[in-house]
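# Structural overview for review
The lines below spell out each chain.
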Amino acid sequence: MGQKETDTLAGHVSGQANKPLTKPAHALPYDTVIEEIGTSSDDGLREAEAKKRIDEYGPNELGDADPVNVGKILLNQIANAMTLVLVLAMAVSFGIKSWIEGGVIAGVIGINIVVGFVQEWKAAKTMDSLRSLSSPTAVVVRDGQAVTVPTREVVPGDMVEVKTGDTIPADMRIIEAMNFETDEALLTGESLPVEKKSDEVFEEDTGPGDRLNVAYSSSTVTKGRARGIVFATGMYTEIGAIAAALRSQGSNRRPVKRNEEGKAGPHRYVQAAALTGYDAVGRFLGINVGTPLQKKLSRLAVLLFGVACVCAIIVLAANNFAQYPDVVANPLDTSNPEQEVAIYAVATGVSMIPASLIVVLTITMAAGTKRMVERNVIVRKLDALEALGGVTDICSDKTGTLTQGKMVAKKAWIPSRGTYSVGESSKPVDPTQGDLLFNEQAPREMREGDAEKNEGQSAEELLHENPDLEEFLKVASMANLATVYQHDNEWIARGDPTEIAIQVLATRFSWNRRRRTLGEHPSWKQLAEFPFDSDVKKMSVIYREENAGKNFVFTKGAVERIIGSCTKINIKGDGLVDLTDEIRDQILENMEAIAALGLRCLALASKEYDSSFKDGDEVPDRAKVEEDLVFRGLVGLFDPPRPESAGAVRECHQAGIAVHMLTGDHPGTARAIAAQVGILPSHMERLSKEVADSMVMTASQFDKLSEDEIDQLPVLPLVIARCAPQTKVRMIEALHRRGKFCAMTGDGVNDSPSLKRADVGIAMGESGSDVAKDASDIILTDDNFASILNAIEEGRRMFDNIQKFILHVLAVNVAQACVLLIGLAFKDTRGLSVFPLSPVEIMWLIMITSGFPDMGLGFERASPDIMNRPPVSLKTGVFTFEVLVDMLFYGLWTAALVLGAFSIVVFGFGDGSLGDACNANWTPDCELVFRARACAFASLTWFALFLAWQMIDMRRSFFRMQPGSTKYFTQWFHDVWRNQFLFWAIIAGFITIFPIVYIPVINRRVFVHSPITWEWGVVFIGTLLFFLGTECWKFAKRVFFRWQAKKNGQGVWAKQDIESKAFGMYYQDPRGSDSESSDAAEQKV
């Protein structure tokens, strides 16, 4: 924060706006605040004005978000276990006067720090941008449209709409509140929610906790809804005044344990100090920070450090710990045995350190999260990246996720009249489009196409002498929070898609809530509101008709819940009669008929209420308000499935992932949509009754079952209708008991327990509440089910790539260590070991030759069959048995070829002389060793580079990585060219070896090898053998896995169609007997 802003804040008065008003906002009527701040209560700010104000007032931030800290990133590159090992190696080299090796190691450290810093800085910037994408959002009205913007873009003058579960984005003066309460514990310490009012005006010196007409930034809406005008943002809010306290960081010191009297003995202080030290060492080594995979790799690095120390000791022991008398006599001799043995030990130890492992992992994860944003997925927790690849079951909502969320009211049934239908319309929010059709039959009596047989009628004709339709429209319009109005000849709608559709239906008949409740003398006034609750599945309002002086209750909700609250119904010819069980059954039959059309069905009801109740009175008990209602009718809403949903569900089944629909809709509607998108099998008749009943259940049926009964079900429900939040939690627990790894979607406040309990919690970015987003692991920016599949595919791709570069890093490390340890057998004339690879060569291989290709493997695209195989096992993780065996084979095969190249040059074409002191200086006697060392170095370099290309696919041949390709001879080139980072990293590795081998001084003095000529023939032959060996190994693996798949019956499964893969185990054979084997019967979805 700059000095100028600090000075401005110093004179800021509590409750005032960024630009002071005549009085604090709580001391002014809301219309005065609207006038002074220069905005509109209907259309909000213009977009151009909002941009101007964000430039004027700055972003709506408290300044407590940690920016990308360059110094901290740089410190992380220096102060970590990998760099520490290299620093120790450098210190040993300088300590024994080995200036070249020490200087090279220092250069490698510098390169490692610079490269690591640049890459981690980019990764940090990427994650910082993702945090801003997943930060809280606000619904503001601009240019008359409700738009969702990041909280930081909210400006003074914005009209904000909030509802239960939302976080207040800035201090705002409330202009409309309905049963509105907020949790202000963060600001005032008040543990109970505070009820807010819009019409109250308070004294200027009223404390923050008593300003009941103001909602504060960062407080949470616990009940109801409201609209308000923002008057203070950023550091000018009340929470901004205590931002310093919020910025304070927690201490890293472990607390001292004390007894009940608050005292602690000396041993407790020692214990706290020891634990604090342990935590500090753990943070330094990375074993107790980061994601589970990062911790696992950090522990691996520590383990390899221990192995490196053991290897160094082996080197010293193999050379008698350099106990030679002449060392004491001439300690400064650069070719003395002690120096050579020490350098060999350092080289062997360093060869086991995967210096680039953690950096490459960080870069891969950052790149993966960036790719996910492009595919409409925001990652909030990096742990989710590792978890996505192992998802076996997806539990998804229906509305807006599997369907488009663009509701259109298609049917309305009024018992005393008949069925009203709405024709096709290209604009769902335009009430002037689409014909109105009427049929005297009830939905259960109508056949398909009956509605279309009648000609369209005008709204005026249908309303003429039709009080029952008018009562129905009153409920449709008033028990509704959506706003539908015309502006500049364009129809604008704001609110929930379901309520917008019903409001549009009412507006077709000129029954629009906005027209009847606004203005100087509104004919209707709202007195109370009971918002929709996922437990009661109803919402109700109390309105007063001013002209008649009467109060009315209007209620809409799930059909079963509404008819349970009704006692009367208007029947054609009989007038108002008691609602009997027989009539209730007829209503349910009509609901089933509407739901069978794939329509979401809601019921509407109303009654006259106590006229003495007035605005400001204590809100009556909800149960009393919602009893003894008069049933008014049913409305059917069409929400078509997304075009991509069926394909996404099919791909899930192909990938071995079961899809469950958990929806609040009626079972008939849920079943129809589930069948359309492929969640249910198309041949339900081939299922036994027990399986079919288990596949589709209501929440009440599922919740009545005990855990044991759920576990005995032949299949967990694929569709649960009328789902409640607790049902989702029980579903997750049932999946976990069956050993499944599940993802769960959610958008409401009540979904947060299930989002936290799921292995991957998925919040909706468009319709989700801030509470749900905060409880989630990832957020879908488009609320689209297909985006979940994108996330899983990306998670699998990252898992594969992490496996690839880990295998490459460790295989090269194993090769280097084996070359040096087996190379201990090569003794010179003094009996000291002659290393086949010099320390500088090893450094070059680790940091340059292998480092950049490893990064390239992290960017590799998904393999062709990535979504055609079952989910990965997260219990095993990346270190599968296959990876471990591959690591040993590639490492040992590479080491054998490198040692073979060294031996051929020395013993095959040379005289077998290993010279004297050839580990340090070049002499004519050492020329043979230096040429053999260059040959070994060139061989290992090429092997490591070619191995990176082989890792693109761990099983397929390098020449046939795309099984469906017809480019039989050139496909390999397309594969290596596709990942250009990897391509150029490998090409650079090939090119840089030549100056290293041939430039004078660099070759003999630094890398301790000599230029080679005919030895390139050995390198080429070795490379061919390396390729032949890796191809044979992959061929053997393919044969083995095909045999294993055939043995386990997976080969037959792979040839089945997708539906048979997903549901085949539950089908009965043509004779009607259950064809499931006893083993298959045990398998659960």
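Residues numbered from 1 in each chain as written. Predicted model: local features only at pLDDT ≥ 70, side-chain atom pairs only at ≥ 80, totals over all residues. Heavy atoms only, no water.

The following threshold applies: UniProt positions are given in the numbering used here, feature names are shortened, and annotations may be inferred rather than shown by experiment.
If you look the protein up in an unreviewed UniProt entry, it shows as P-type Na(+) transporter from Carpinus fangiana. According to its UniProt record, the protein has this under Subcellular location (unreviewed entry): "Cell membrane". Regarding the protein, the relevant UniProt record gives this comment under Sequence similarities (unreviewed entry): "Belongs to the cation transport ATPase (P-type) (TC 3.A.3) family. Type IID subfamily."

### A closer look at the pairing of strand β11 (residues 418-422)
Put simply, the test is: Relative accessibility under 20% of the residue-type maximum defines a buried residue, over 50% an exposed one, and the middle range a partly exposed one, all with a 1.4 Å probe and only protein chains included. Segments assigned H or I by DSSP are reported as helices when at least four residues long, segments assigned E as strands when at least two residues long, and all are numbered from the N terminus. Paired strands, in this sense, are two strands between which DSSP finds at least two bridges.
Burial of β11 is extensive: 5 of the 5 residues sit out of reach of the surface. For strand β10 (residues 408-414) and β11, the ladder comprises 4 bridges, and the chain directions are antiparallel. Considered in β11, the bridge of Ala 412 is made with Tyr 420.

### Some words on a nonpolar patch on the surface
Under the convention used in this document: A patch consists of residues exposed above 30% relative accessible area that lack any salt bridge, with like charges linked at up to 9 Å and nonpolar side chains (Val, Leu, Ile, Met, Phe, Trp, Tyr) linked at up to 5 Å. To be clear on the numbers: accessible area is Shrake-Rupley with a 1.4 Å probe, and residue cover counts the displayed protein chains and nothing else. Basic side-chain nitrogens of Lys or Arg form a salt bridge, by our definition, when they fall within 4 Å of a carboxyl oxygen of Asp or Glu.
A contiguous nonpolar patch, built from Phe 959, Trp 972, Phe 973, Trp 977 and Trp 984 and spanning about 510 Å² of accessible area, is present on the exposed surface. No other element matches the 3 residues that helix α36 (residues 971-978) contributes to the nonpolar patch. Relative to the helices and strands, Trp 972 resides in helix α36.

### Some words on helix α18 (residues 497-508)
Basically, it comes down to this: One less than the number of residues in a helix, times 1.5 Å, gives the span that helix is expected to have. Distance and chemistry together define a polar contact, namely a pair of N or O atoms within 3.5 Å, with one atom able to donate a hydrogen and the other to accept it when in protein, and with adjacent residues in sequence counting only for side-chain atoms on both sides.
With 12 residues, α18 extends 17 Å between its outermost C-alpha atoms, agreeing within 8% with the 16 Å of an ideal straight helix rising 1.5 Å per residue. Counted residue by residue, α18 has 11 buried out of 12 residues, so it is predominantly covered. Three or more residues of α18 are buried, namely Thr 498, Glu 499, Ile 500, Ala 501, Ile 502, Gln 503, Val 504, Leu 505, Ala 506, Thr 507 and Arg 508. Where α18 begins, the side chain of Asp 496 points an oxygen toward the backbone nitrogen of Thr 498, at a separation of 3.0 Å.

### Focus on the side chain of His 808
Selection criterion: Only heavy atoms enter the contact rule, under which two residues are in contact if any of them lie within 4.5 Å.
Looking at the element boundaries, His 808 is found in helix α31 (residues 785-822). By relative accessible area, which is 0% here, His 808 ends up buried. Once you skip the residues sitting within four places of it in the chain, His 808 turns out to touch Ser 850, Asp 854, Leu 857, Ala 944, Leu 947, Ala 948 and Met 951.

### Section: the packing of helix α35 (residues 927-950) against helix α37 (residues 980-998)
For the record, the criterion: Interaxial angles span 0 to 180 degrees and are taken between N-to-C directions of axes, which are lines fitted to C-alpha atoms, for helices over the stretch in contact. Angular relationships are summarised with four words: roughly parallel below 35 degrees, roughly antiparallel beyond 145, roughly perpendicular across 65 to 115, and oblique for the angles in between.
Running from N to C, α35 and α37 cross one another at 175°; their axes reach a closest spacing of 10 Å. It follows from the interaxial angle that α35 and α37 lie roughly antiparallel. Between α35 and α37, the residues in contact are Phe 937, Ala 938, Thr 941, Trp 942, Leu 945, Phe 946, Ala 948 and Trp 949 and Leu 982, Phe 983, Ile 986, Gly 989, Phe 990, Ile 993 and Ile 996, respectively.

### A short note on helix α21 (residues 581-595)
Using the following cut-off: This arc is built from the directions going out from the helix axis to the C-beta atoms.
A rise of 1.5 Å per residue sets the reference length of α21, with its 15 residues, at 21 Å; its end C-alpha atoms lie 21 Å apart and thus fit the reference within 8%. Every buried residue of α21 is accounted for by Ile 583, Ile 587, Asn 590, Met 591, Ile 594 and Ala 595. On an axial view of α21, the arc spanned by its buried residues comes to 140°, and they lie on one face. In α21, those exposed residues whose orientation departs by more than 90 degrees from the buried face are Asp 581 and Glu 582.

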